[in-house]
Amino acid sequence: VGERKFLQCSHAVAEAAVRAGCRFYSSYPITPSSEILEYMSRRMPEVNGACVSSASETESASMVWGAGASGERALFASTSTGFSLVQEALAEMANSEIPCVMLNMSRGAVQGDYYQATRGGGHGDYRLPVLAPSTVQEAVDHTGLAFDLADRYRTPVIVLSDVVLYMTMESVELPGFVDLDAIRASKDWAAVGSGGGPRTRISFFGLSGHSDDLEDSLVRSVNKAVDIRRDEVRYEDFLVDDAEFVVVAFGMAARLAKAAIRVLRAEGTKVGLLRPITLYPFPADRIAELATNARKVITFEMNFGQMIDDVRSAVFGRCSVEWFGGLGPGSADTGFGTFWSQADVQQILRRHTADQPVADYVGGVRS
Amino acid sequence: MTLEQERPAATKVWGIPSGIGVPEFPPETNKRHQLCPGCGESVALQVLAEVLEEEGLREKTVCAIGIGCYSLVGNLLDVDIVQSLHGRATAVATGIKRTHPDLFVLTLQGDGDMTAEGALESFHAAARGERITSIMLNNGGFMETGCHVTPTTLVGQHTKDSAGGRDAGSHGYPVKWAETIAALDGAGYVARAAHYSPVEVKRMKKFVRRAVRHQMAGGRYGLVEALTSCPTGWLLSPVEALRWQRDEFAAYHTIGEKKAPPAGADA
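Quick caveat: nothing in here was measured; it's all calculated off a predicted structure.

Undergrad: Please set out unusual backbone geometry residue by residue, giving values where relevant.
TA: Residues and elements named next belong to chain A. Residue Pro32 is reached from Thr31 by a cis peptide bond, and omega for that bond is 5°. Relative to the helices and strands, Pro32 is located in the loop between strand 2 (22-27) and helix 2 (34-46). The omega torsion of the bond from Tyr280 to Pro281 falls at 0°, within 30 degrees of zero and hence cis. By the element assignment, Pro281 lies in the loop between strand 13 (278-280) and helix 12 (284-293). The backbone of Arg154 shows a phi angle near 50°, a positive value even though the residue is not glycine. We note that Phe316 has phi near 50°; this positive angle belongs to a residue other than glycine.

Undergrad: I'd like a rundown of the nonpolar core, residues and numbers included.
TA: Residue and element names in this part refer to chain A. By size, the foremost hydrophobic cluster in this structure holds 145 residues, and its most contacted members are Ile36, Met40, Trp65, Met102 and Leu103. Sort the elements by how many residues they give to this core and helix 7 (residues 136-153) lands first, with nine residues. For Leu103, the residues in contact, after removing those within four places along its chain, are Val13, Ile36, Leu75, Phe76, Ala77, Ser78, Phe83, Val159 and Tyr166.

Undergrad: Residues and numbers for the interface of chain A and chain B, please.
TA: Frequently, the measure chosen for interface size is the accessible area removed from exposure when the parts meet. The partner chain B presents 37 residues to the 40 residues of chain A that form the contact. Interface of chain A and chain B: buried area, both sides summed, is about 3000 Å²; carbon and sulfur atoms make up 59% of it. The interface formed by chain A and chain B contains two salt bridges. Joining chain A to chain B, the criterion identifies 14 residue pairs in polar contact (both at pLDDT 80 or more). Mapped by element, the contributors of at least two residues to the side of chain A that touches chain B are strand 2, strand 3 (50-53), helix 3 (57-69), helix 5 (87-96) and strand 9 (201-202) of chain A. Looking at the side of chain A that touches chain B element by element, the count peaks at eight residues for helix 3 of chain A. Of the residues belonging to the side of chain A that touches chain B, the class tally is 18 nonpolar, 15 polar and seven charged. As judged from the two bridges shared by strand 9 of chain A and strand 2 (residues 80-83) of chain B, these two strands associate in the parallel manner. Within the sheet, the bridge partner assigned to Ile202 of chain A lies in strand 2 of chain B and is Val82 of chain B.

Thresholds, definitions, all that
Residues numbered from 1 in each chain as written. Chains lettered and ligands numbered in written order. Predicted model: local features only at pLDDT ≥ 70, side-chain atom pairs only at ≥ 80, totals over all residues. Heavy atoms only, no water. Helix = DSSP H or I, 4+ residues; strand = E, 2+ residues; numbered from the N terminus. Core = buried A, V, L, I, M, F, W, Y, C linked by side-chain atoms within 4.5 Å. Buried < 20%, exposed > 50% of the residue type's maximum accessible area, 1.4 Å probe, protein only. Contact = heavy atoms within 4.5 Å. Buried area = accessible area lost by both parts, 1.4 Å probe. Salt bridge = Lys/Arg side-chain N within 4 Å of Asp/Glu carboxyl O. Polar contact = N/O pair within 3.5 Å; in protein donor to acceptor, adjacent residues only side chain to side chain. Nonpolar A, V, L, I, M, F, W, Y, C, P; charged D, E, K, R; others polar. Pairing = 2+ DSSP bridges.

Printed below as a string of structure tokens:
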């Protein structure tokens, strides 16, 4: 059923969402996620779905909430600033158990939204599954996966990527169309009119006013979090089996690191990559395992140091942890600020693996 | 006849027990509502419940409910309910209605919910002409928090953050929400009702019924702003509160249909 096309990532992801059964989309224009809005405004009517250009991201988020609560697969996409505006909704959608997919194609420090995505971002005690694709194909695959996870756990799912990936064009294989009737039929909890059956209450607090309801819902959230942490950890190993140096990087950073690691391997350095595919749940156990036999774990991220916290707590003193990152040395200007080139990563990684002092400043940040 | 005697007789309708002293509660809810004695929200909710039942919409209604005193009471409505964030109910309703055009989709919100925190969502749902219906319970204040100024609070009205009365120089002027929404092309039916007398309760029911039928006929955005008395927040007895609603609140937020399509032309 697959279909191979040469597509820009935002269009590929939008089409993948439609094929995964998404029938509601709403967002507010912001570069670069506007391209999904443009695509959906044309595509949704063709599949009997709805695309609403909203008056704000907060409004979009609640529209997605309504569509999700009534059993439809619903999508929202935005970019860093706009994504901050939906944190209120994400916090209570988590408590209301609303399935939906929220895409953040971040910009600025392109991986600067790691904390926001993995720490909950809004108020209260919740975490959401976070997927971090590193290729256009993976972004397409993650779209369907995100909808499946959202339905399985009745939770919002975040796909965190960046402007660079979403503006990249690559050859991708699009998935086939899912059986939407079966998906809808499986959601017996959806608010679609009681139709003579039991009434549905979808709420972030016990609507009955009894504290038992609230307790039940909190206990359910905790159980769900345990299941997600146990069953949904995803990562990619790349040349780690004999690695003395394990690089940890996600998304586009992992892609650059992979290319650099190939060069360093050819030079005889025993270096490999652990790429977290789910940022939450974080592949901490795997990193701990690799750290046991490694000399160093080196974190590379395109921000001022966020994932490093998760890496440090995973390594937990088993070996030394080093970090490099920041905005990038500026040798590759994307038009969205400075960015990293493969050569930059290679050069800095070579110093880390040779135990040489690393340049004082990397992308404006003392490393 | 005193206003005390004019209060609507307690009748048992599905969902909403009509206030204090009702001996029997609907078995499916089996709960007494938690509103204060004399609260007008129970009247408006009863009117709504009666209309939904009489129009045969009990099984195909989804209600997006806002945050206010009425939130927990809304649980007594025997329909599917999606609790929304404060102010965002019309956006939630948009998501439901756009994906399920055959449902009757309703929002239940207060004046603070709809005109303060949710002004953007409420305004734009109306402007887009969403095929949904909003019931706005307007008692001129944030009463769940203990009585604070909302956009509909009258100039001179006492609240805990306008002690001595709302001062226009500090708090600004009240918003006439029904009139604001009626000015939008996207709005199809807009009315304001009160409950200070049996006549007004009957009129409220007529407006709610028209709004409900308007949506079921495919009409654009519908709003019924129901003025509801709040003896607790207004620091009045239930009877004085009805009188104040009639003489002061409804004198500013005037009762009547602000926008209605000609009969038979609801869409």
